[in-house]
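# Reading the structure
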Amino acid sequence: MNLSNAIARVISEMLDEKDEIEIQRNTLAQTLGCVPSQINYVISSRFTPERGYIVESKRGGGGFIRIARVHYDGNTLLMHVVGAVGQSVDEATCRNHLINLVYRELLSERDAKLILSAVSDSALRAVEGENRDRVRASIFKQLLLTVINL
């Protein structure tokens with residue numbers, strides 16, 4: 001298992017015990033035998049709003065990072081995702097939203113893979129520049145609303 005996965009696993013296990021945790025970056029880094037910037041990287045890439053987390057950081061001596069798992073009912077989460085997507089979205093953000101929806105059991109892995117395929121850069125290759133992210137947002141929202149409300 002690589003270090004990023006180990007860090008994510010430790011934080012996830014802590015969040016399984018409580019929906020909100022406070023960690024000291026330096027202490028966790030020492031415990032895991034890594035540098036504090038690796039903790040930052042994992043938190044910023046894996047514990048994102050798109051994946052259902054709120055992260056707050058307080059810097060300085062005695063600083064901490066607070067991570068909270070957000071709980072929404074199915075319809076509220078769906079509306080949150082649709083609202084968060086807005087008029088434009090990139091492929092990575094779509095992937096993160098889909099991971100969260102699968103984790104929350106609002107979407108099957110199969111449906112998530114199909115949606116991601118439909119909004120991928122390769123599927124939208126014919127759409128130029130920034131229009132691609134606008135078209136992707138429209139397709140993504142429509143597919144979510146259709147699949148989840150079946």
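So, here is what we can say about the structure in this document. The shown structure was predicted, so the numbers you read here are calculated from the model rather than taken from an experiment.

Most of strand β3 (residues 64-69) is tucked away, with five of its six residues classed as buried. Note: strand β1 (residues 20-23) against β3, four bridges, orientation antiparallel. Counted as the bridge partner of E20 is A68 from β3. Judged from the six bridges that link them, strand β2 (residues 53-58) and β3 form a sheet pairing that is antiparallel. By the bridge assignment, E56 is partnered in β3 with R66.

A sheet is described by the order of its strands in space; here three strands give the open sequence β1-β3-β2, paired in antiparallel fashion. Only two strands of the sheet have a single neighbouring strand rather than two, namely β1 and β2. Each neighbouring strand pair of the sheet contributes to a mean axis angle of 15°, computed without reference to strand direction. Each of β1, β2 and β3 is contacted by helix α1 (residues 3-17), which is oriented at about 135° to β1, the strand it contacts most.

Here the focus is helix α5 (residues 91-103). Taking 1.5 Å of rise per residue, the 13 residues of α5 would be expected to cover 18 Å, and the 18 Å separating its terminal C-alpha atoms lies within 8% of that figure. By the burial criterion, the buried members of α5 are E91, C94, N96, H97, L98, N100 and L101. Tucked into the core, α5 has its buried residues touching α4 (74-85), α6 (109-118) and α7 (129-148). The first or second residue beyond α5 is E105, which carries a positive phi of 60°.

Criteria and cut-off values
Residues numbered from 1 in each chain as written. Predicted model: local features only at pLDDT ≥ 70, side-chain atom pairs only at ≥ 80, totals over all residues. Heavy atoms only, no water. Buried < 20%, exposed > 50% of the residue type's maximum accessible area, 1.4 Å probe, protein only. Helix = DSSP H or I, 4+ residues; strand = E, 2+ residues; numbered from the N terminus. Pairing = 2+ DSSP bridges. Axes fitted to C-alpha atoms, helices over the stretch in contact; angles between N-to-C directions. Contact = heavy atoms within 4.5 Å. Expected span 1.5 Å × (residues − 1).

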